[in-house]
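# Chain and residue survey
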Amino acid sequence: MVKAQSFKALFRGAVSMALFALYGLGGLLISPIMTVLRSPRLCQPVVRAVWRPLVWLFQITRLIRVDRGNLGEMRGCVIAANHPSLIDVVLVSVLVPRTLFVAKHALLKNPFMSAIVRNTSLPDDEGLPEAAAPYLADGWNVLVFPEGTRSPSPWEMREFHRGAAQLALRCGAKVACIGIKMTDAILGKHQRPWQMGKDTVVYSFRADAPVLVERDAKRGLRPQAAELTQSLFGRINSLRQ
């Protein structure tokens, strides 16, 4: 029995590595297209079209199963979500059309991701509100992980940074929260892509109704962002239970 379980884990790990190799190859192949198109409005649908078969392959090989829950169409929202897994961006981008994501500058050093990050993400710096505002006004969503990096485990979250709240307040945008729940820990912080366990892992997505955020001109941005960040933590924590 132990040997059978070990073999199953090894097999799942090998399949996972093959799919990640395919993912990396896909990133390289579409890099020239990204370089030509350049505009996120044009590049994001291309990336989404490449990522959809990848998600399908992850499911058909039974590495994961995706339960999209009540995820529906979102327009012009700052989307705040917890970040338990390496493929959260891929999954949310596939499930929610017209969604750009906020990315760390360090990802630009990844040869497989650099073209995608450069052309379908927004900067994780002081220039974010100015960069995101026209997209939000045009009905695009901006995905932010307030934890800043992957969660310690699928069952807990890190303390939230104020970036998502500040973005929503500065842009006067709606905020939608997504809670991501997993049945096991894979592709998490300090985990390798081949450590996929022996059973299919279910990713469950739950969203709440978008809430319009309005900034109070009589109060400073900092206390309002702190209050909204605390609210986002509570909303997402409830959604992932």
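No experiment lies behind these values; they were computed from the predicted model shown.

### Side note on the overall build of the chain
Per the secondary structure count, the chain includes eight helices and eight strands. For the chain, the C-alpha radius of gyration of 18 Å lies close to 18 Å, the compact-globule estimate for 241 residues. Principal-axis analysis of the C-alpha atoms places the extent of the chain at approximately 65 × 45 × 30 Å. Out of the 241 residues in the chain, the part that is buried amounts to 48%. Partitioning the intrachain contacts of the chain with sequence separation of at least 6 by distance along the chain shows that 78% fall at a separation of at least 24. Surface accessibility of the chain: about 12100 Å² in total, with carbon and sulfur atoms responsible for 57%. Seen as two clouds, the 31 positive and the 17 negative side-chain charges of the chain have centres 7 Å apart.

### With respect to the nonpolar core
Ranked by size, the top nonpolar core spans 47 residues in total, and within it Trp51, Ile64, Met74, Ile178, Tyr203 and Phe205 carry the most contacts. Judged by nonpolar contacts, the second largest core, of 29 residues, contains Ala164, Ala173, Val175 and Leu239.

### As for empty space enclosed by the protein
Considering all chains together, one arrives at one cavity of 30 Å³ or more under this definition. Taken as a whole, the largest cavity encloses approximately 40 Å³ of empty space. For the largest cavity, the full set of lining residues is Gln44, Val47, Arg48, Trp51, Ser93, Thr99, Phe101 and Thr120. At the level of secondary structure, the elements contributing two or more residues to the lining of the largest cavity comprise α3 (40-60) and β3 (99-103). For the lining of the largest cavity, the per-class residue count stands at three nonpolar, four polar and one charged.

### Focus: the environment of Gln230
Within the element layout of this structure, Gln230 appears in helix α8 (residues 221-239). Remark: the alpha-carbon pair of Gln230 and Ala165, spanning 65 residues in sequence, is separated by 9.4 Å.

### Some thoughts on the packing of α3 against helix α4 (residues 88-95)
Following both chains from N to C, one finds α3 and α4 inclined at 110 degrees, their axes separated by 9 Å at the closest point. It follows that α3 is roughly perpendicular to α4 by the angle criterion. Of the residues in α4, those touching α3 at Gln44, Arg48, Trp51, Arg52 and Val55 are Val89, Val90, Leu91, Ser93 and Val94. Per-class residue counts for the contact of α3 with α4 are six nonpolar, two polar and two charged.

### Describing the packing of aromatic side chains
Inspection of every chain in the model, using the stated rule, returns five aromatic pairs. Taking the centre distance of 6.3 Å and the plane angle of 80 degrees together, the rings of Tyr135 and Trp140 count as edge-to-face. You'll find Tyr135 and Trp140 in the same group, each marked buried. Geometrically, the ring pair formed by Phe160 and Phe233 is edge-to-face, given 4.9 Å between the ring centres and 65 degrees between the ring planes. Pair noted here: Phe160 is in the loop between β5 (141-144) and α7 (163-171) and Phe233 is in helix α8, with a separation of 73 residues, a long-range link. Taking relative accessible area as the criterion, Phe233 reaches 30% and is therefore assigned partly exposed. Here the aromatic cluster, defined as three or more aromatic residues joined through ring pairs, consists of Phe20, Tyr23, Trp51 and Phe58.

### Describing the pairing of β3
The buried count for β3 comes to five of five residues, which makes it a mostly enclosed element. The two faces of β3 match: Thr99, Phe101 and Ala103 on one face and Leu100 and Val102 on the other face are all buried. Strand direction decides the pairing type here: β3 and β5, joined by three bridges, are parallel. Across the sheet, residue Thr99 finds its bridge partner in β5, namely Asn141. In terms of strand pairing, β3 meets strand β4 (residues 121-123) through three bridges, oriented parallel. Following the sheet pairing, Val102 is matched in β4 by Leu122.

### Remarks on the pairing of strand β6 (residues 174-182)
Burial of β6 is extensive: seven of the nine residues sit out of reach of the surface. Where β6 meets strand β8 (residues 211-212), two bridges bridge the pair, whose relative direction is antiparallel. Paired with Lys174 across the strands is Leu212, a residue of β8. With five bridges connecting them, β6 and strand β7 (residues 201-207) associate as antiparallel partners. Paired with Ile178 across the two strands is Ala207, which belongs to β7.

The rules behind the values
- Residues numbered from 1 in each chain as written.
- Predicted model: local features only at pLDDT ≥ 70, side-chain atom pairs only at ≥ 80, totals over all residues.
- Heavy atoms only, no water.
- Helix = DSSP H or I, 4+ residues; strand = E, 2+ residues; numbered from the N terminus.
- Rg over C-alpha atoms; globule rule 2.2 N^0.38 Å.
- Buried < 20%, exposed > 50% of the residue type's maximum accessible area, 1.4 Å probe, protein only.
- Contact = heavy atoms within 4.5 Å.
- Areas by Shrake-Rupley, 256 points an atom, 1.4 Å probe, with all protein chains shown as cover.
- Lys, Arg positive; Asp, Glu negative; His and termini not counted.
- Charge placed at Lys NZ, Arg CZ, Asp CG, Glu CD.
- Core = buried A, V, L, I, M, F, W, Y, C linked by side-chain atoms within 4.5 Å.
- 1 Å grid on protein atoms, 1.4 Å probe; cavity = no way out; pocket = protein on both sides within 12 Å on 5 of 7 lines; lining within 4 Å.
- Points joined across faces, edges and corners; volume = space filled by probe spheres on them.
- Nonpolar A, V, L, I, M, F, W, Y, C, P; charged D, E, K, R; others polar.
- Axes fitted to C-alpha atoms, helices over the stretch in contact; angles between N-to-C directions.
- Parallel < 35°, antiparallel > 145°, perpendicular 65-115°, else oblique.
- Phe/Tyr/Trp six-rings, centres within 6.5 Å; stacked < 30°, edge-to-face > 60°.
- Pairing = 2+ DSSP bridges.

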